[in-house]
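Reading the structure
The lines below spell out each chain.
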Amino acid sequence: MKEYNITVSSGQSNIFCGEGAFASRAPLIPRERVFIVTDSNVSALYRALIDSTFGGAPAYVLPAGEGSKNRTQLFKILSAMFDAGATRSTTLVALGGGVVGDIAGLAASLYMRGVPVVQIPTTLLAQVDSSVGGKTAIDFRGIKNIVGAFCQPREVIVDPLFLKTLPAREVRCGLGEIIKYGALNGDILRKLSANMKNLTSQDFLSDITFDCIAHKAAVVCADERDLGGSRKTLNLGHTTGHAFELYYGRKSHGEYVLIGMYYELFIACKLGVCSPEYAAALVKLIKSVIRVPSYADASTAARGAKHDKKNSDTANISLILPQSPGVCRELTLGADEYCGYIRECSRAVAAKEWL
Ligand code: NAD
Ligand code: GLY
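I will try to describe carefully the structure that is included in this document. (Residues numbered from 1 in each chain as written. Chains lettered and ligands numbered in written order. Predicted model: local features only at pLDDT ≥ 70, side-chain atom pairs only at ≥ 80, totals over all residues. Heavy atoms only, no water.)

Attention now moves to the pattern of salt bridges. Taken as a whole, this structure holds 19 salt bridges when the rule is applied. Among the salt bridges present, the one from Asp129 reaches Lys216, with a minimum N-O distance of 2.6 Å. Of this pair, Asp129 sits in helix α6 (residues 124-130) while Lys216 sits in helix α9 (residues 202-222); the two residues are 87 residues apart in sequence, bridging distant segments of the chain. Pair check on accessibility: Asp129 and Lys216 agree, each one buried. For the salt bridge of Arg190 with Asp187, the shortest nitrogen-to-oxygen distance reads 2.6 Å. Of this pair, Arg190 and Asp187 both sit in helix α8 (residues 186-194), three residues apart, roughly one helical turn. Here Arg190 falls in the exposed class, since its relative accessible area comes to 53%. (Salt bridge = Lys/Arg side-chain N within 4 Å of Asp/Glu carboxyl O. Helix = DSSP H or I, 4+ residues; strand = E, 2+ residues; numbered from the N terminus. Buried < 20%, exposed > 50% of the residue type's maximum accessible area, 1.4 Å probe, protein only.)

Here we take up the sheet that holds strand β4 (residues 59-62). Spatial ordering of the open sheet is given by β1-β2-β9-β6-β5-β3-β4, a layout of seven strands whose pairing is mixed. With partners counted over all chains shown, the strands left at the sheet margins are β1 (2-8) and β4, one partner each. Shown here is a sheet whose adjacent strand axes are inclined to one another by a mean of 15°, direction ignored. Bridge count for strand β3 (residues 34-39) against strand β5 (residues 91-96) is four bridges, and the pairing is parallel. Bridge pairing in β5 places Phe35 opposite Leu92. (Pairing = 2+ DSSP bridges. Axes fitted to C-alpha atoms, helices over the stretch in contact; angles between N-to-C directions.)

Turning next to a positive patch on the surface. Residues Arg172, Arg250, Lys251, Lys287, Arg291 and Lys352 make up a contiguous surface patch of positive charge. One can find Lys352 in the segment after α14 (335-350). (Patch = residues over 30% accessible without salt bridge, like charges linked within 9 Å, V, L, I, M, F, W, Y side chains within 5 Å. Areas by Shrake-Rupley, 256 points an atom, 1.4 Å probe, with all protein chains shown as cover. Lys, Arg positive; Asp, Glu negative; His and termini not counted. Charge placed at Lys NZ, Arg CZ, Asp CG, Glu CD.)

Next comes the structure, spelled out in structure tokens:
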């Protein structure tokens, strides 16, 4: 088991990662002061483990899926906490994927102006990314993560035991964020490229999870509140990915991150930000995980990017573009110009004219 620490002005977040992390850390959370938030799939799969670890603790079970990241479910969690007599000394345990982590983290930041939260991520995506760093949110008015708060978890318990039940598609979603880290970190990219045929093996995933968490922890220590420093780099691929996710909604977050990365790589190449060779290396990784679609109405879908939190106004779109291994660059395009590139990329995909 490895340990990482994030020390920021609001306190310290300790991340315990590796086999045995759950068995050694979860029983230390006093069960008589725990409130659990989980989802319907995780609750069904891990009922016995939840009962033996937190037996008797009150819980709220969200319907599984992104559709639960809304204000109705947020207030249902808060009501359930109130009904269970939760106090400021209650620890909220978020046991699930990124959806559970995001909404439960937000509930923890709001209940009595803040109760401690322990994140126990059960998807690959949540283990390598969303459970770490304290960003919490719900979707609102059709926009991803537009209402939220920073709430550093007191502890994050990352245990590969949960990945044994994860469907192959959810492993691909996690690889979406992992490949994003490849674009941000040359060492991670080298490992990904060297293991292209092996990306879903348990050993590889356990090892790369350490690297992604170490990368994210360092970024969050430097720019916890995403104040124009390095944290916005973690949004690579997400500007277009989020816009497509909310417009089309057929795939999941990690898949749209990969599709967003592909479309934004096209823009990076067109603008000369990255070399065709570097774009080809990243596209090879992306295509080893997902088929990139073209969309007849891609530029309409891309309009949703005007609400992205990186933008300083709705007429301009801020993008984090890959430049070279481990280096990316922020670039702002007019909304029309950006949507035009997205349309062009989609046509190139349909005509098989680009990578
Ligand atoms: P998710 O939470 O919806 O989980 C995906 C599916 O896997 C769900 O059906 C869930 O029930 C199921 N599942 C969870 N654990 C399982 C297990 N161990 N075995 C079998 N099935 C299991 O989605 P996700 O991909 O984990 O997270 C996506 C969310 O994370 C998005 O809302 C995204 O915006 C958010 N996110 C947040 C951050 C952040 O920094 N806060 C970063 C990245 C993504
Ligand atoms: N997933 C983006 C961030 O944590 O900043």
